[in-house]
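One-letter residues, chain by chain:
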There are 2 protein chains.
Amino acid sequence: MIRPILAAAATTIVLVAPAYGQSAAPVLFDATAYGNVRQPGGRPPMFAAEVKRVKKTVDAAMRAPIEVPVPKDPGGGYTHEQHKRNYMALYGAGLLYRITGDAAYADYARRLLLAYATLYPTLGPHPAKANEAAGRLFWQSLNDSVWLVYGIQGYDAIRDTLSPADRKTIDDQVFRRMAQFLSVDNTASFNRIHNHATWAAAGVGMTGYVLRDPELVARALKGTDKSGKAGFLAQVDQLFSPDGYYTEGPYYQRYAIQPFVVFARAIAANQPDLGIWQRRDGVLLKAIRTSIQLTYDGYFFPLNDAMRDKSLRTDELYQAVAIGYAATKDPSFLSIAKWQGRSTLTPDGIAVARDLAAGKSQPFPFPSQLYRDGPDGDRGALAVMRSDQDEGAQVLVAKNSAMGMGHGHFDKLNWMLYDGGRVIVTDYGAARFLNIEAKDGGRYLKENESWAKQSVAHNTLVVNQGSHFAGKWRDGEDHSPRQLFFAGDGPTKVSTAEMAGAYPGVTFRRTLVQLRLGKGSPLVLDLLRVAGDKPATYDLPLHYAGHIVEVGFPTKANPANRPVLGSANGYQHIWVDAVGASGPEGAALTWINGERFYTYHMLPPAGATIYLGESGANDPRFNLRREPLLLQRVEGKADASFVSLLEPHGAYDPAAETTVASQSQIRSLRHVRGSDGDLVLIQPLKGSPVILAIADDVAPDKTHSAVIDGRTVRWTGHFARIEGDVR
Amino acid sequence: MIRPILAAAATTIVLVAPAYGQSAAPVLFDATAYGNVRQPGGRPPMFAAEVKRVKKTVDAAMRAPIEVPVPKDPGGGYTHEQHKRNYMALYGAGLLYRITGDAAYADYARRLLLAYATLYPTLGPHPAKANEAAGRLFWQSLNDSVWLVYGIQGYDAIRDTLSPADRKTIDDQVFRRMAQFLSVDNTASFNRIHNHATWAAAGVGMTGYVLRDPELVARALKGTDKSGKAGFLAQVDQLFSPDGYYTEGPYYQRYAIQPFVVFARAIAANQPDLGIWQRRDGVLLKAIRTSIQLTYDGYFFPLNDAMRDKSLRTDELYQAVAIGYAATKDPSFLSIAKWQGRSTLTPDGIAVARDLAAGKSQPFPFPSQLYRDGPDGDRGALAVMRSDQDEGAQVLVAKNSAMGMGHGHFDKLNWMLYDGGRVIVTDYGAARFLNIEAKDGGRYLKENESWAKQSVAHNTLVVNQGSHFAGKWRDGEDHSPRQLFFAGDGPTKVSTAEMAGAYPGVTFRRTLVQLRLGKGSPLVLDLLRVAGDKPATYDLPLHYAGHIVEVGFPTKANPANRPVLGSANGYQHIWVDAVGASGPEGAALTWINGERFYTYHMLPPAGATIYLGESGANDPRFNLRREPLLLQRVEGKADASFVSLLEPHGAYDPAAETTVASQSQIRSLRHVRGSDGDLVLIQPLKGSPVILAIADDVAPDKTHSAVIDGRTVRWTGHFARIEGDVR
């Protein structure tokens, strides 16, 4: 019954009256900032492009009849996507009205909102609701919160153009009801310390500012009971580490950052006395920078539940970069905006576009850095080691962070490697096809539990073929790794971390070293030591990307009938291509990825078995990607050491048809355990060897020694690199 | 023993005397053309960049001691790569001498050639020779010919700087011996009608011009017996079709084009009376254009033995484009050079760089076009249908060409599809890791015979699980497809071809239609009809790229123990993931590739079985890529029709997190066989249906009729598209 009414309304555009007094003027941004961009000629290129882009979609939406369908579909379905299109159109129309002064945009926003004012009060829980908290417009209330965050900004921009009657209708029937639904009616989820609650708080809080309703603002800042135990401020204090690391990991940091910074901007504008940008030594600004740091060539490290195709080119980061620049005027944000190729329609976006056009951009520095986890920074860390600042730099990521709640994976001390512009040692990310209806409505697939989260799907230690914390994430919340040592400066970078409690009676420690040896990309040395209270089976998987060039150890292949490796905890998803054994000098596998070769040298405990396999077994619905993996297994040991060296080498040039050093340039890898530390000797084909000395003790001043080839090697501190021959 | 002598020579650079008279002046290019580029300031950007690039490698080579090792290694090995580096350095030094006038380049070329003069006469057959004709410097004589093609050009550039003694030494001990070895000593391969022989002819013929030796030129042009039955002119007449299509396919056309055009340029300069560019209506110029046509986003269609990573960015095409431009002044060549980003150091390269800088470039037109195969154009054809000129255009390739000799695949009437910048329906190309030593020295792998060449590895009909011509390429040379119909103009493009003789008693015919239906990429309709003289098993594989989103028919999966499909002819390399059955309305499979969805609608004969599988079985050395495939099978039929429709639809935007139309927009696909033709009815979800009418007879004037839903459809000619409802 809505359509005819709207059709009528559509004919009244020209009759929109101007502002009904300043009491309804915008409060979420400075409307005067649009003075210089009213005329197209006054718009800096990036801003002009954004106006054009948004204008295209909003103008198209305005030409079509308004569609505010009764909610029905899950993610990816028609009603889901239409309500998303509507909040984007509302947001765009509001800002376009401020930019162009064209009343048609304001009137369109008005008509759209009046349609919601008719529909929204009639809605109950969404018919497609799942285990998540149900929304009204969407299958999960999270999406309703996002609707409110965008919607209230669009509304704020046009609210002073409305008649008192329309304004009251929209205030009461749309925004007050949504704010009520998302806060009081959903107290449990609203009061969580979780990004879903942050979206809700941002929507409710900004609604409070726009409707001039302090009660809503108070709820948003301090929780429904206003005690401060919940709400936005508690979230700022508890969800980020002192280094601005968000505990769920980079992918959700990207997602969570938007409500944090958008609401923070609104708070700074309306309650400057709260000093929100200064809170916790400026943790929200650190959070913006850290989001950018946790990327490779602009793509987020796909740790925990994460989509691999997510980059800095997303609305969340356009907003975060623009707001970060407005708050700091740090010109390195401009080079990120340049890479993004887009900014926002807000006054902050105007500043970014203007200063970028003025050539004020500076390179964004990407240091090797430790990002501590946990509110107090004592719940492990993410260690990022970068070979240099180039685009094709080698980046070694050691995931020594905490569980990260329900989206966390069981991957303590996991690692990833990027090199030459590609991912070489991989993380599967999430088993999910975002918004693709045929794949369980775009939600996380059951394979996300059965594979993607499991320990064996990561580059970490697996004991007795079970996952860390027996696959119970709440138990994982109680046990974080300890980052014992980090050296991010100088040519040799080192991270040492230890994990206890992932398995009863088992402690394991991992040192990852990024070291240059001659020209080319650095090598990566991985020393993993495990100590258990009883004999067990220890598996160390490596998930790599590339095509096998050479298997440097004897194998028995399964060429015509491919079995699976196990029956549970992710093992049921692993096809076994071949089984081999490591020799006294260890074993090596060489693969090619792009235009470079990689050899993985292994020194597992004596008698170790090596499996070559691929993901994708027990997957009748083709929900999994098929990716290669290698697994080292030792059985019946209580204590064990796995020493591995990943060596990038050579060059393959398909255009020039030249190939250089397609075979390993390392003659030997050896390991000696001393009384209180380990020596690893790397002997290249050409040049003298290098010894890496790693003490158990991380104290900087203690001296240690160990003997290799009759030579006593002495060093001070946790780590030392000794050049030259052992004779 | 070479080293010390060279070290001594290296100290005499400054003593090089100027030209010893014009009798030795360059004859392969116009040395006066370098007048304007002597000073760096006079060099257009692309040429300056090329000078810089070549200078870098040549200067580095000049700083190092000269290395002319005794041949030992196969492709990819040290001696192989070093002799390749040497001929590139020789070529570069020669032209750099002409460009810069720096005598050091001439002297380096001299010293390098004197080293070869010492080594070459001592050489016998290469120790790593395989089944190919053995070379002296390389494992196959082909590489020796390439050495000569580059080497003689470099030598021509500096020959007039040599003392008579040095010149005689190099003439006699290097070039005359190589020419002798490649022609008379290898008569059999020299007199073949094959690209290997073209490289030899080009090297020997240009050596003839440079050494002023008419005997060598005559041999090169007309074969060792100078009868004209062999040699370059016979190769020009027999290896290209009238449309400039090279019978081995795009990958080898790319490779073969260089000696053809480089030698042709030399012939035009030294024997203009031969009218080489005009020969056969300018077939060599057509060949350059056709090489460029047989690409998608610059990458060659990987038909027959081909590396997928081969693009227009190769030395062969830098040469071909520069020479083509010099010969025609067609400004569309400049836009290709622009995409390549490089040109040559020759006078032709100067012209390309200069005119590109002058803004003379015009877009290179990519029409939908038929490329006939065979010297007389009657041995089938390659049909290329392009939706438009955009980068992301949809390109449908119907491989109705002839066998193409020993590198040809058993894939009669095979097809490929590109869409949205990606390959969607694939061709495996060759099983080979070019120049990667660990992979059989970089040669073709045995899996090239057991998989890549086999019929089941392609998108073509397979009878009784055997390959076309029982896998005997010489038999394939006797049976070519017939291209019966092609319509490349207008919105609906059509190719119909027929194959008889691939299997005894079996004829099959395929019509491929590229048709637009509403917005977005065109649909592809595939009607394959087979007529046999007895009941047989017919398989129709589809090799696609993407991740399965939805299997639209019931299947029985092999989730935990993956069998292979067969035991020979490529079937032993196919893992079977699931087996399903087609219903009365057929079956459909949907996958995602990049940011677009694809649904493959199938109407196989009643009772057909559908296999979902993957390549990579029986591959203990990991020589194969693992790629998905689908296979429709019908058993016990003599005649059968397979009707398939490939539908691109929807959009997936990971940044905006929006998904549109992830499910098929086609309601139904139906097929009716009439008395003398077929009707295919496509009913979209929205809008009216379209009927494709395909008559058996290809005569343009005959009228036909068939009945569907009680309606009689009448049309004239082989193909008609009828819009509107069937009522």
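Since this is a predicted model, take the numbers as computed values, not measurements.

Peer 1: Explain the overall build of chain A here, please?
Peer 2: Regarding its fold elements, chain A presents 17 helices and 27 strands. For 727 residues, the compact-globule estimate of 2.2 N^0.38 gives 27 Å, and the C-alpha radius of gyration of chain A, at 28 Å, lies within 12% of that figure. Seen through its principal axes, chain A has C-alpha atoms that stretch 95 × 60 × 50 Å. When each of the 727 residues of chain A is scored for burial, the buried share is 63%. Looking at chain A alone, contacts between residues at least 24 apart form 67% of all its contacts between residues at least 6 apart. When the accessible surface of chain A is totalled, it reaches about 24800 Å², and 53% of it is carbon and sulfur. Averaged over its 79 positive side-chain charges, chain A has a centre that lies 4 Å from the centre of its 73 negative ones.

Peer 1: Would you take a moment to explain the side chain of histidine 543 of chain A for this structure?
Peer 2: Residue and element names in this part refer to chain A. Along the polypeptide, histidine 543 turns up in strand β12 (residues 523–543). Overall, the relative accessible area of 6% leaves histidine 543 in the buried class. Only 2.8 Å separates the side chain of histidine 543 from the backbone oxygen of valine 456, close enough to count as a polar contact. At 3.4 Å, the side chain of histidine 543 forms a polar contact with the backbone oxygen of alanine 457.

Peer 1: What is the right way to read the sheet that holds strand β6 (residues 414–419) of chain B from this model?
Peer 2: Whether parallel or antiparallel, the strands of a sheet pair through hydrogen bonds between backbone atoms. Residue and element names in this part refer to chain B. Taking strand neighbours across the sheet as the criterion, the five strands line up as β3-β4-β5-β6-β7 in an open arrangement whose pairing is antiparallel. Edge positions in the sheet fall to β3 (369–372) and β7 (422–425), since each has one partner strand and no second. On average, each strand axis in the sheet is tilted by 20° relative to the strand beside it, whichever way the strands run. Here β3 pairs with strand β4 (residues 380–386) via four bridges, running antiparallel. Across the sheet, residue leucine 370 finds its bridge partner in β4, namely alanine 383.

Peer 1: In this structure, what is going on with the relation of the copies chain B and chain A? I would like to understand it.
Peer 2: Relating the two copies of this chain is a rotation about some axis coupled with a shift parallel to it. Between chain B and chain A, the superposition needs a rotation of 180° and an axial shift of 0.0 Å, giving an RMSD of 0.0 Å. Within this description, the copies of the chain are treated as partners about a two-fold rotation axis. Using C-alpha coordinates, one finds that chain B approaches the rotation axis most closely at arginine 562 of chain B, a distance of 2.6 Å. In this assembly the copies share their binding face: 100% of the residues contributing to the interface of chain B also contribute to that of chain A.

Peer 1: What exactly am I supposed to notice about the interface of chain B and chain A here?
Peer 2: In many reports, interface size means the accessible area that the parts give up when they come together. In this complex, chain B contributes 53 residues to the contact, which on the side of chain A involves 53 residues. Between chain B and chain A, roughly 4300 Å² of surface is buried when both sides are summed, and carbon and sulfur atoms account for 53% of that area. It is His547, Phe622 and Glu657 of chain B that lose the most area in chain B upon contact with chain A, and together they represent 15% of the buried surface on that side. Here chain B is connected to chain A by eight salt bridges. Salt-bridge contacts for arginine 626 of chain B lead to glutamate 614 of chain A; the nearest nitrogen and oxygen are separated by 3.3 Å.

Peer 1: Can you walk me through helix α6 (residues 164–182) of chain A in this structure?
Peer 2: One turn of the α-helix equals 3.6 residues, which is why residues spaced by three or four share an orientation. Residues and elements named next belong to chain A. Helix length check: α6 (19 residues) gives 25 Å between terminal C-alpha atoms against 27 Å at 1.5 Å per residue, within 8%. Where α6 bends most, at aspartate 171, the angle is about 35°. Listing the buried residues of α6 in full gives Asp166, Arg167, Ile170, Asp171, Asp172, Val174, Phe175, Met178, Ala179, Phe181 and Leu182. Contacts made by the buried residues of α6 are with α4 (103–119), α5 (141–158), α7 (187–190), α8 (195–210) and α9 (214–222).

Peer 1: Got a minute to help me understand the packing of aromatic side chains in this structure?
Peer 2: Two measures describe an aromatic ring pair: the distance that separates the ring centres and the angle between the ring planes. What the rule picks out here adds up to 42 aromatic pairs over all chains. Centroid distance phenylalanine 232 of chain A to phenylalanine 263 of chain A: 4.7 Å. Interplanar angle 65°. Geometry classified as edge-to-face. Note that phenylalanine 232 of chain A is positioned in helix α10 (residues 232–239) and phenylalanine 263 of chain A in helix α11 (residues 250–270), a separation of 31 residues in sequence. An angle of 90° between the planes, with centres 6.3 Å apart, marks the rings of tyrosine 428 of chain B and tryptophan 451 of chain B as edge-to-face. Of this pair, tyrosine 428 of chain B sits in the loop between β7 and α16 (446–452) while tryptophan 451 of chain B sits in helix α16, and the two are 23 residues apart along the sequence. Considered together, tyrosine 428 of chain B and tryptophan 451 of chain B belong to a single accessibility category, that of buried residues. Chaining the aromatic ring pairs together yields one cluster made of Tyr209, Phe232, Phe240, Tyr246, Phe260 and Phe263 of chain A. A cation over an aromatic ring shows up here: arginine 443 of chain A above the ring of tryptophan 139 of chain A, its NZ or CZ 5.0 Å from the ring centre.

Peer 1: Is there a simple way to explain the side chain of serine 615 of chain A in this structure?
Peer 2: All names here are of chain A. Examined against the element boundaries, serine 615 turns out to sit in strand β18 (residues 609–615). A polar atom in the side chain of serine 615 sits 2.8 Å from the backbone oxygen of arginine 625. If sequence neighbours within four positions are ignored, serine 615 has contacts with Trp451, His573, Trp575, Arg625, Arg626, Glu627 and Leu629.

Peer 1: Got a minute to help me understand the pattern of salt bridges in this structure?
Peer 2: Two side chains bearing opposite charge may form a pair once their charged atoms approach each other closely. Tallied over the full model, the rule gives 104 salt bridges over all chains. One salt bridge in this structure joins arginine 289 of chain A and aspartate 330 of chain A, with 2.7 Å as the shortest N-O distance. Of this pair, arginine 289 of chain A sits in helix α12 (residues 279–293) while aspartate 330 of chain A is found in the loop between α13 (315–328) and α14 (332–340), placing the two residues 41 residues apart along the sequence. By relative accessible area, aspartate 330 of chain A is classed as buried at 18%. Notably, a salt bridge pairs lysine 226 of chain B with glutamate 215 of chain B, separated by 3.1 Å at the nearest N-O pair. You can see lysine 226 of chain B sitting in the loop between α9 (214–222) and α10 (232–239) and its partner glutamate 215 of chain B sitting in helix α9, a full 11 residues away along the chain. By relative accessible area, which is 37% here, lysine 226 of chain B ends up partly exposed. Accessibility expressed as a relative area gives 31% for glutamate 215 of chain B, which makes it partly exposed. Among the charged side chains, a network of salt bridges with common partners joins Glu50, Arg53, Asp315 and Arg342 of chain A.

Peer 1: What is the right way to look at the domain arrangement of chain A in this model?
Peer 2: Residues and elements named next belong to chain A. Segmenting chain A into domains produces domain 1 (1–183), domain 2 (240–365), domain 3 (383–663) and domain 4 (665–727). Each of domain 2 and domain 3 has a C-alpha centre, and these two points are 31 Å apart. The partner domain 3 presents 36 residues to the 22 residues of domain 2 that form the contact. Counting each side, the surface lost to burial between domain 2 and domain 3 is near 2200 Å², with a carbon and sulfur contribution of 52%. Counting the surface domain 2 buries against domain 3, the share from its top three residues, Tyr296, Asp305 and Arg308, is 32%. With a shortest N-O distance of 2.8 Å, arginine 308 and glutamate 627 are connected by a salt bridge. Seen at the junction of domain 2 and domain 3, the total is 14 residue pairs in polar contact (both at pLDDT 80 or more). For the side of domain 2 that touches domain 3, the secondary-structure elements that each account for two or more residues are α11 and β1 (295–296).

Definitions and cut-offs
Residues numbered from 1 in each chain as written. Chains lettered and ligands numbered in written order. Predicted model: local features only at pLDDT ≥ 70, side-chain atom pairs only at ≥ 80, totals over all residues. Heavy atoms only, no water. Helix = DSSP H or I, 4+ residues; strand = E, 2+ residues; numbered from the N terminus. Rg over C-alpha atoms; globule rule 2.2 N^0.38 Å. Buried < 20%, exposed > 50% of the residue type's maximum accessible area, 1.4 Å probe, protein only. Contact = heavy atoms within 4.5 Å. Areas by Shrake-Rupley, 256 points an atom, 1.4 Å probe, with all protein chains shown as cover. Lys, Arg positive; Asp, Glu negative; His and termini not counted. Charge placed at Lys NZ, Arg CZ, Asp CG, Glu CD. Polar contact = N/O pair within 3.5 Å; in protein donor to acceptor, adjacent residues only side chain to side chain. Pairing = 2+ DSSP bridges. Axes fitted to C-alpha atoms, helices over the stretch in contact; angles between N-to-C directions. Least-squares fit on C-alpha atoms with pLDDT ≥ 70 in both. Buried area = accessible area lost by both parts, 1.4 Å probe. Salt bridge = Lys/Arg side-chain N within 4 Å of Asp/Glu carboxyl O. Expected span 1.5 Å × (residues − 1). Bend = angle between axes of the 7 residues up to and from the residue. Phe/Tyr/Trp six-rings, centres within 6.5 Å; stacked < 30°, edge-to-face > 60°. Lys NZ or Arg CZ within 6 Å of the ring centre and 35° of its normal. Domains from an automatic or database assignment.

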